[in-house]
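# Commentary on secondary and tertiary structure
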Amino acid sequence: MRLVILMTQTQVHKQFVLRPLMLVSLALFMLAAGNARAELLIRITEGVDSAIPIAVVPFAESGTMPQGDKISSIIRSDLTMSGEFNPLAPGKMLSLPSSRSDVYFRDWRMLGQRYLLVGELTRKGERLEARYELFDINREARILGETTTAPVSSARSLAHHISDKIYEAITGEPGAFSTKLAYVTVMGQGDNMRYRLQVSDVDGKRAKVRLESDEPILSPAWSPDGKKLAYVSFETSKPVIFVHELATGERQKLADFRGLNSAPAWSPDGKSLLMTLSRDGNAEVYKMELASGDLTRLTDHWAIDTSGAWDHAGRGVFFTSDRSGGPQIYHMERPGSEARRITFGSRYNARPRPGPKGDYVYYVHQRNNDFVIARTNLNTGEESLVTRTGSDESPSLSPNGRLLIYATERDGTSVLTVVSADGGETYSLPAAEGEVRDPAWGPIVR
Amino acid sequence: MTGNERETISTGKAPWKSPVAVSVLLHLLIAIVALAGWSWSEPMQEPEPNSISARLVSPEPEPSPVINEQEQARDREQQKAEAERQQAEAERKQQEEQAREEAERRAQEEARKREEERKRQEAQARERAEQKAREEAARKKAEAEAKERERQRLLEEERRRQEEAKRKAEEERRKAEEEKRRQEEAERQRREEEARKEAERKRLEAERRLREEQLQALADEARQEQEAEQRRQREAAAARAREAQMLSESQKYQSLIRERLTQAWYPPSSATEDMTARLQIALLPTGELASVKLVNSSGNTAFDNSALGAVRALNRYPVPENRDTFERYFRQFTIEFNPQRLR
Amino acid sequence: MKLSMSSKIFAMLLAAGLVAGCSSTGEMTDEENRGSDVEAINQEGGATVYEGGTEQGGISSSSMSEAERQAEQSQQSAQDALRDVTTFYFDFDTSEIKPEARDVLVAHARYLAENPRQQVRLEGHADERGSKEYNLALGERRANAVEQFLIINGASRGQIETVSYGEEKPAVRGSGESVWAQNRRVELIFD
């Protein structure tokens, strides 16, 4: 850790140039000049790596509260998962205020906390009303406050909503705590396998099965409006792409060509999908218009071309190709234009997922004998690791690009883990039954 | 007495013989002439406006050269004859006039003489009277003068006597004074002489001492200069040392502050290396934060807030105890937050 | 509106299927069948299993000597023995057929050639590492490689159906090279 010291010009001069008389007069001048002189400048070039301490006080309750996790507990989990906050354990709180009048900022300062959330929940018939306030402890100022209601059955949604507001108020970026996850669970042995496509909250709770099959399901992909899922199902003994409307359960077969029908990816406007088809003889990336079914072939190479994904601007396409001998990430400026290779550092880089700001692309990366998630800075070409666990795959980014969820092996089974997009904190989703794979992070839906 | 007399005056007048009347007439004449002389400013009037030659003096346009020469000759003849006729007439009139004037003149002359005589006699009488008066006055005057002179003489004498006395007294005094002065002078000279000798002695003494002193002074001066120089250097060194100490002290506290802020800053995960937030800090001598102001935003609210949060998190900033150093560097300064990831 | 879109796509698929050729049966919906001896079983979210006919391939009989017949029979059983092997393995990230697999595949090819009504399904797989989508394509490439080999060696395209499961159906669960090696395979499925 190197500290950078900047001396102002005046100080340098003083040390090497002055004579006694001039020194005296200069000193007098300096004292007199006050603000006019060059000021001391201290540069802070790094801070603590750890997350911001925030105290989320258990809400005061009046009325019958729903079963399950407390609202404040859900908020604490959300904030922890984000990797940017370090919520104080309630056991360490000196007091449990529920409104400003009960708050003694000094107490929280002493605990080293930066932010304080207090609130109150009131049962109102079949609704739950939450009044909450967020304070900046050092400034002793309120930075957020709201009263909001939700059905009692949606208490978790209420908690995630508050987490979103807190996140946005402090970081300036939208929170992703009200988003959904889609993933596949696998249970069974031998010939009796059970595959389930599920949708849950971002913390894995309130999981709901959307499709159940004896045959594999893979590659779920969210439509930009969060209402549909595209996925590949082997229910007809071959890979077929379906589009599944979540609210109604209605499904539609989108691609059932000879050979592969895989790797569906929605365009940002939701009007077309990229997909991998091998109807022309080998795996190529295609674009299909949803409304018309029109197909356009985007790649034309005898190598495997798959896993097409629109870039953040929605203009170009990333994909995997092994045209150089092993799978690497490529990018087309426009669909169908010449492909530019993005990854070079390893012999295996596949399944690109671009960050929402156009700064990074994330992918599965082989490092020695491990498969991890890595990312390449699209401006500098610099590659860095995001995960180090070792059997990692299926990266999917949160809508604000801050977090990445992926599947990994743990204790012999496949689980989902959330990691900061820059590879910092990790947060493991609670284990579900069986193996959990192929996560897809849903969009923010307002 | 009179030069030119007007015609109007000369006609219609009968000569009177009484001296009063003549005197009045003459006075009247004088008055009128005077008045006549006063009211006109023209220098010269033509004495005889009848004369043809006078009338021709005013400028007239050139006569046309086309006039017949013969006519001109005839005109000239006629003119000449006319002129001659008029000339004769004028002469005749002139002669009459002259006779008249002569008579008048004689009469006037006589009147005048008579007036003169009278006046002369009057004047003589007057003269005599005056003469008498003058003699009388002169006599009186002489008397008065004599008296006055006498009086003056007496005064003069008195004065002189007094003066004399005074002078004598003065003389006496002066003599006495002089005597005294002489004595004093002698005394003084004697003393002076003594003093001079003394002074001489002293001077020599002083000179000797002076020489000694000068030598001493030179030595002293040299020593003092040396000392002054040393003192200057010491002071300069002390000042530099103070300066350096202040600087190093300030650097020490800068380091401390930097350390504390580094430990108090939670840069948001969205922070990039090109984000810079500048805050102006004002501290109290106790190290407490007096005020903080964001003077340059990084453009990212979360980043700015993290910087503000870090600054506010410190209860007390480590500041030097030396008040000068504090005032110089830490009363008000700037902190810049700009993450440099060294990963 | 949904219905019309669905049927539009269906029509497209149908057209595409017609254009693509009718050698494989994979593009049709469950309702349409190909050939009378092929039946779709268990449509509801399950795997469809196709039953192929068991007609013998035509071997024109001609008189042979006893010695020849015996030689032929032993050769036949040797071939049959070879054909016991129906799984072929691959190295990581390749679809290259290993030398030791060649003879077996040749035997299979011959068998198929001799039994033109025999159908075979080639199922391509990959080990669990890396990207699922890439593995799906890799499995297909492996299956295609075997298919190509069989065709070169006598089988006809119409007998062969290929499908890739990528990493989704490992033969052996677990991690480590020995496990992975067993999962990088193409399986021949007769009947």
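For the structure, check the block above.
Computed from a predicted model, the values in this text were never measured in an experiment.

Residues and elements named next belong to chain A. The strand order S10-S9-S8-S31 describes an open sheet built from 4 strands, whose pairing is antiparallel. On the outer flanks of this sheet lie strand S10 (208-213) and strand S31 (435-441), each paired with one strand and no other. Each strand axis lies, on average, 20 degrees off the axis of its neighbour in the sheet, ignoring direction.

Each partner contributes to the interface: chain B provides 39 residues, whereas chain A provides 33 residues. Mapped by element, the contributors of at least two residues to the side of chain B that touches chain A are helix H4 (69-264), helix H5 (301-313), helix H6 (323-330) and strand S3 (332-337) of chain B. With 14 residues, H4(B) is the largest single contributor of residues to the side of chain B that touches chain A. Across the side of chain B that touches chain A, the residue classes break down as 18 nonpolar, 14 polar and 7 charged. Bridge analysis of strand S1 (residues 41-44) of chain A against S3(B) gives 4 bridges, and the strand direction is parallel. Within the sheet, the bridge partner assigned to Leu41(A) lies in S3(B) and is Thr334(B).

Another point: the sheet that holds strand S20 (residues 317-321) of chain A. With respect to topology, 4 strands assemble into an open sheet ordered S19-S20-S21-S22 (chain A), the strand pairing being antiparallel. One side of each edge strand has no neighbouring strand; the edge strands of this open sheet are strand S19 (305-310) and strand S22 (339-341) of chain A. Each adjacent strand pair in this sheet contributes to an overall mean axis angle of 30 degrees, direction not counted. Where S19(A) meets S20(A), 4 bridges bridge the pair, whose relative direction is antiparallel. If you follow Ala309(A) over to S20(A), its bridge partner there is Phe318(A). Seen against the sheet, helix H4 (residues 132-152) of chain C touches S19 and S20 of chain A and runs at an angle of roughly 150 degrees to S19(A).

Right, let's talk about the nonpolar core for a bit. The biggest cluster of nonpolar side chains holds 140 residues, and the ones touching the most others in it are Leu116(A), Leu117(A), Ala230(A) and Leu404(A). Sorting elements by how many residues they give to this core places helix H5 (residues 155-171) of chain A first, with 7 residues. When near neighbours in sequence (up to four residues on either side) are disregarded, Ala230(A) contacts Ala221(A), Ile241(A), Phe242(A), Val243(A), Leu254(A), Pro264(A), Trp266(A) and Leu273(A). Leu105(C), Val120(C), Tyr165(C) and Leu188(C) belong to the second largest nonpolar core, which has 16 residues in total.

Conventions adopted
- Residues numbered from 1 in each chain as written.
- Chains lettered and ligands numbered in written order.
- Predicted model: local features only at pLDDT ≥ 70, side-chain atom pairs only at ≥ 80, totals over all residues.
- Pairing = 2+ DSSP bridges.
- Helix = DSSP H or I, 4+ residues; strand = E, 2+ residues; numbered from the N terminus.
- Axes fitted to C-alpha atoms, helices over the stretch in contact; angles between N-to-C directions.
- Contact = placed C-beta atoms within 7 Å.
- Nonpolar A, V, L, I, M, F, W, Y, C, P; charged D, E, K, R; others polar.
- Core = buried A, V, L, I, M, F, W, Y, C linked by C-beta atoms within 7 Å.
- Buried ≥ 20, exposed ≤ 12 C-beta atoms within 10 Å, placed from the backbone.

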